[in-house]
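These are the residues of each chain, in order.
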Amino acid sequence: MTDVLLTSAANPRIKSVLALRNRRDREAAGCTRLEGAEELALALGAGVAPTTIFHCPELMGDRTAGADLVAVARERGARVFECSRAAFEKAAYREGPDGLLAIVPQPGVELAALDVPAGPLVLLAQRIEKPGNLGAMLRTADAAGVAAVIAADPVTDWGNPNVIRSSKGTVFSVPVASASTAEAIGWVRERGLTVVATTPDAVDRHTDADLTGGIAVAVGSEKYGLDAELFAASTVHVRIPMAGQADSLNASVAAAIVLFEAVRQRG
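Small disclaimer: the values here were computed from a predicted structure and weren't measured. (Residues numbered from 1 in each chain as written. Predicted model: local features only at pLDDT ≥ 70, side-chain atom pairs only at ≥ 80, totals over all residues. Heavy atoms only, no water.)

**Remarks on the overall build of the protein**
Phase 1 of the analysis: A tally of regular secondary structure across the protein gives 10 helices and 12 strands.
Phase 2 of the analysis: Against the 2.2 N^0.38 benchmark of 18 Å for 267 residues, the protein shows a C-alpha radius of gyration of 20 Å, consistent with a compact globule.
Phase 3 of the analysis: Across the 267 residues of the protein, 48% fall into the buried class.
Phase 4 of the analysis: Residue pairs at least 24 apart in sequence account for 83% of intrachain contacts in the protein once pairs closer than 6 positions are excluded.
Phase 5 of the analysis: When the accessible surface of the protein is split by element, carbon and sulfur atoms take 50% of a total near 12300 Å².
Phase 6 of the analysis: Looking at charge distribution, the protein has the averaged site of its 26 positive side-chain charges lying 5 Å from that of its 31 negative ones. (Helix = DSSP H or I, 4+ residues; strand = E, 2+ residues; numbered from the N terminus. Rg over C-alpha atoms; globule rule 2.2 N^0.38 Å. Buried < 20%, exposed > 50% of the residue type's maximum accessible area, 1.4 Å probe, protein only. Contact = heavy atoms within 4.5 Å. Areas by Shrake-Rupley, 256 points an atom, 1.4 Å probe, with all protein chains shown as cover. Lys, Arg positive; Asp, Glu negative; His and termini not counted. Charge placed at Lys NZ, Arg CZ, Asp CG, Glu CD.)

In structure tokens form, the structure reads like this:
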């Protein structure tokens, strides 16, 4: 099928892509925007089927690789639009776009649909304010082989363009779900997982705790930490030793340190 050519930045198709910057529009449409060759390749590798793909060969660093990604998206049923540079740059979210942008289903599943193996390593992220932090946690989760990431009382959605960008597309490769804190606690308890709370007030270091079984590492926002409900549900409390004057680490850094300690202990 011949691609549709879009040359005007005012084209209604371009405007529909721009609307997906807004959470309300993403949730209403049930889809989001995914931008970048690296992110698209990872999403396609995870089995994602884009509904639409916009491409601009002029902006591609590697036209052959870009064309291959477009071909895969087309095979999965995506409608394909080739864009002029002006039209694509209007639609793009980031500076210096690389000529690939796709419309994909919103990432994430219902909490009850999360399927984890026995003795899993899970990340429970509560009220993380910054999409960049949530995305960075996903990159860590992907690298550490985390079975699932649950956003408890989420401030942002998984389809936020900054979450997708900072996760490098791993939001599509790591099983993710959103839920209230109460629902997340119930899910963890049903599976017999130990909640490991990260807090600077803990007595034990993260290296002293047994992180080899089925655990859910709980990380709260940088401003408030874990709330009383989730803290009360945790049976293991750990701290990360710090020698400086700051009283906390970046939330994604704290998550990475504890998760990779769990990986180390598991061999």
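**Side note on the side chain of Asn-133**
Phase 1 of the analysis: For Asn-133, the location among the structural elements is in helix H6 (residues 131-144).
Phase 2 of the analysis: Under the relative-accessibility criterion, Asn-133 is labelled buried at 8%.
Phase 3 of the analysis: Here Asn-133 is in contact with Ile-128, Glu-222, Asn-250, Ala-251 and Ser-252, once residues within four sequence places are set aside.

**Re H6**
Phase 1 of the analysis: For H6, built from 14 residues, the straight-helix expectation of 20 Å at 1.5 Å per residue is met to within 8% by its first-to-last C-alpha distance of 20 Å.
Phase 2 of the analysis: Inspection of H6 places Pro-131, Asn-133, Leu-134, Gly-135, Met-137, Leu-138, Thr-140, Ala-141 and Ala-144 among the buried residues, and these make up the whole buried set.
Phase 3 of the analysis: Looking at the buried positions of H6, the neighbouring elements they touch are strand S6 (121-126), strand S7 (148-152), helix H7 (161-167), strand S8 (176-179), strand S11 (215-219) and helix H10 (251-266).
Phase 4 of the analysis: After H6 finishes, the residue Gly-145 shows a positive phi value of roughly 70°. (Expected span 1.5 Å × (residues − 1).)

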